[in-house]
Amino acid sequence: MADIRFDGKVAIVTGAGGGLGRQHALELARRGAKVVVNDLGGSVDGSGGSSEAAQKVVEEIKAFGGEAIANGSSVTDDTGVANMVKQAMDAWGRIDILIANAGILRDKTLTKMELADFELVMQVHVFGTFKPIKAVWDIMKAQNYGRIVVTTSSSGMYGNFGQSNYGAAKMAVLGLMNTLKLEGAKNDVKINAISPVAATRMTEGLMPPEVLAKLAPEYVTPGVVYLCSEEAPTGAILTAGAGAFALSRIYETEGVYLGEGGLSAEEVRDNWDQITAEAGQKAYFNGGEQGQKFFRKMAGG
Ligand code: NAI
């Protein structure tokens, strides 16, 4: 099959001044995309900021003959996000790809977590994913083409000690994806999620250096590039790191129909083994499929 190319395509990558986002931006540009490199340039906990980080990546792209523009806005700032989209439209007249990658951490156990730590993390990951998507959505729909990648995490899908704020935010972006994959389908706007594992400043100190050495962001980017391509699926959660790739899914068991017994907590307890049995479990593509199963079971199917 032909190489994946993005000639004539325009991409916005948020949080692309370092870590994973930088790598995604470089690779899209190497493959022909024109890229808006967004980064607030703050610290890992979301404080501070400067447009230098984004500008540096733009210079790297220009150095190999690529086209790129820097944007130093916060993804949480309405005016900044509008400007970021305007920059792309003014320069190149379309937006084909959005990678919502910007992120911060405020790790604390719930006992120590202040409301502000929860709110800021929700702001950056949830609103900072929603706002850029909202800003490019109608452009993509009008073009009848768009590829969006949101960035989730195993912390959200499975849990991680000290990350209740981050975990909640990372699941929220999957909820957003699950609905938008349906709303975008008619206009060939596809949306997927990447769940990365990579050595960046975010994971510094969390793992020994010899492990981090094998986790370069370069091993995640190929998965993201595929999700940005014309052949991309929609609604997939691709996990990637260290050269391994897999799909995460939410499965629902076939379950059991208890009839009138369904009015009794004891019946639920007594049928727990059948409720949780894995045989016949399925991953649904939309919420309505769950209701259909209930009706099928009620009808004896
Ligand atoms: P990083 O800290 O190197 O990159 C995040 C970038 O986002 C930084 O350059 C930062 O300046 C930028 N940023 C933060 N707040 C912003 C805002 N309000 N507006 C614009 N830019 C902002 O960390 P890394 O690891 O590259 O993270 C990238 C994404 O991957 C994040 O969403 C993170 O949650 C996610 N992730 C990373 C994992 C890993 O193993 N490194 C694991 C799971 C998810």
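As the structure is a prediction and not an experimental result, all values here were calculated from the model.

Trainee: How do you make sense of the pattern of salt bridges when you look at a structure like this?
Mentor: According to the stated counting rule, one finds 15 salt bridges in the structure shown. One network of salt bridges, in which partners are shared, links Glu27, Arg30 and Arg31.

Trainee: Before we go on, may I ask you to explain the site of the ligand in this structure?
Mentor: Around the ligand, a shell composed of 30 residues is seen, among which Asp39, Asn101, Tyr166, Thr200 and Arg201 lie nearest. Within the side chain of Asp39, an N or O atom sits 2.5 Å from an oxygen atom of the ligand. Within the side chain of Tyr166, a nitrogen or oxygen atom sits 2.5 Å from an oxygen atom of the ligand. Contact with the protein chains covers 95% of the free accessible surface of the ligand, which is 820 Å². When residues of the shell around the ligand are traced back to their parent elements, those giving at least two are α1 (19-30), α4 (115-143) and α6 (164-184). Grouping the amino acids of the shell around the ligand by side-chain chemistry returns 11 nonpolar, 16 polar and 3 charged.

Trainee: How do you make sense of the domain arrangement of the protein when you look at a structure like this?
Mentor: One frequent convention defines the size of an interface as the accessible area lost when the parts assemble. Taken domain by domain, the protein comprises domain 1 (10-248) and domain 2 (259-298). Look at where the C-alpha atoms of domain 1 and domain 2 centre, and you get two points 36 Å apart.

Trainee: In this structure, what is going on with the packing of aromatic side chains? I would like to understand it.
Mentor: Two aromatic rings, taken as a pair, are described by how far apart their centres are and by the angle between their planes. Enumeration according to the criterion identifies 0 aromatic pairs in this entry. A cation over a ring is seen here: Lys9 above Tyr145, with NZ or CZ 5.0 Å from the ring centre. One cation-aromatic arrangement involves Lys181 over Phe285; the distance from NZ or CZ to the ring centre is 3.9 Å.

Trainee: What exactly am I supposed to notice about the environment of Met202 here?
Mentor: Note on placement: Met202 falls in the loop between β6 (189-196) and α7 (209-212). Using a relative accessible area of 24% as the deciding quantity, one classes Met202 as partly exposed. Residues within four places of Met202 in sequence aside, it is in contact with Val44, Gly103, Ile104, Leu105 and Tyr166.

Trainee: Can you walk me through the pairing of strand β4 (residues 97-100) in this structure?
Mentor: In regular strands, side chains alternate between the two faces of the sheet. Of the two faces of β4, the one lined by Ile97 and Ile99 and the one lined by Leu98 and Ala100 are each fully buried. With 3 bridges connecting them, strand β1 (residues 10-13) and β4 associate as parallel partners. In the sheet register, Ile12 faces β4, and the bridge partner there is Leu98. Where β4 and strand β5 (residues 146-151) come together, 4 bridges link them in parallel fashion. Residue pairing for β5: Ala100 is matched across the bridge by Val150. As for the winding sense of the linkage, the β-α-β connection from β4 through α4 to β5 is right-handed.

Trainee: Where do I start with the nonpolar core in this structure?
Mentor: Generally speaking, nonpolar side chains in soluble globular proteins are found buried as a group. Grouped together as the largest cluster of nonpolar side chains are 30 residues, with contacts concentrated most on Leu28, Val35, Val37, Ile61, Ile99 and Cys228. Listed by contribution, the elements that provide at least two residues to this core are β1, α1, β2 (34-38), α2 (52-63), β3 (67-71), β4, α8 (221-227) and β7 (237-241). Per-element tally for this core: the top contributor is α1, with 5 residues. Ignoring sequence-local partners within four residues, the contact set of Ile99 consists of Ile12, Val13, Thr14, His24, Leu28, Val149, Val224 and Cys228. Core analysis: the next-biggest nonpolar cluster, separate from the first, contains 27 residues, Ile12, Ile95, Met157 and Ile191 among them.

Trainee: For this particular structure, what's the right way to read the UniProt feature "domain: Ketoreductase" (unreviewed entry) in the protein?
Mentor: Taking the numbering used here, the UniProt-annotated feature "domain: Ketoreductase" (unreviewed entry) corresponds to residues 9-200. With 48% helix and 17% strand, residues 9-200 has end C-alpha atoms that lie 28 Å from one another.

Trainee: Got a minute to help me understand α2 in this structure?
Mentor: An α-helix turns once per 3.6 residues; consequently, residues spaced three or four apart project the same way. Helix length check: α2, at 12 residues, gives a terminal C-alpha distance of 16 Å against a target of 16 Å (1.5 Å per residue), a fit within 8%. Three or more residues of α2 are buried, namely Ala54, Val57, Val58 and Ile61. Seen along its axis, α2 keeps its buried residues to an arc of 105°; they face one direction. What points out from α2, more than 90 degrees from its buried face, is the exposed set Glu52, Lys56 and Ala63. In the core, the buried residues of α2 are packed alongside α1, β2 and β3.

Rules used throughout
Residues numbered from 1 in each chain as written. Predicted model: local features only at pLDDT ≥ 70, side-chain atom pairs only at ≥ 80, totals over all residues. Heavy atoms only, no water. Salt bridge = Lys/Arg side-chain N within 4 Å of Asp/Glu carboxyl O. Near = heavy atom within 4 Å. Polar contact = N/O pair within 3.5 Å; in protein donor to acceptor, adjacent residues only side chain to side chain. Areas by Shrake-Rupley, 256 points an atom, 1.4 Å probe, with all protein chains shown as cover. Helix = DSSP H or I, 4+ residues; strand = E, 2+ residues; numbered from the N terminus. Nonpolar A, V, L, I, M, F, W, Y, C, P; charged D, E, K, R; others polar. Domains from an automatic or database assignment. Phe/Tyr/Trp six-rings, centres within 6.5 Å; stacked < 30°, edge-to-face > 60°. Lys NZ or Arg CZ within 6 Å of the ring centre and 35° of its normal. Buried < 20%, exposed > 50% of the residue type's maximum accessible area, 1.4 Å probe, protein only. Contact = heavy atoms within 4.5 Å. Pairing = 2+ DSSP bridges. Right-handed = clockwise from strand over helix to strand, strands pointing away. Core = buried A, V, L, I, M, F, W, Y, C linked by side-chain atoms within 4.5 Å. UniProt positions renumbered as here; feature names shortened; annotations may be inferred. Expected span 1.5 Å × (residues − 1). Arc of directions from axis to C-beta.

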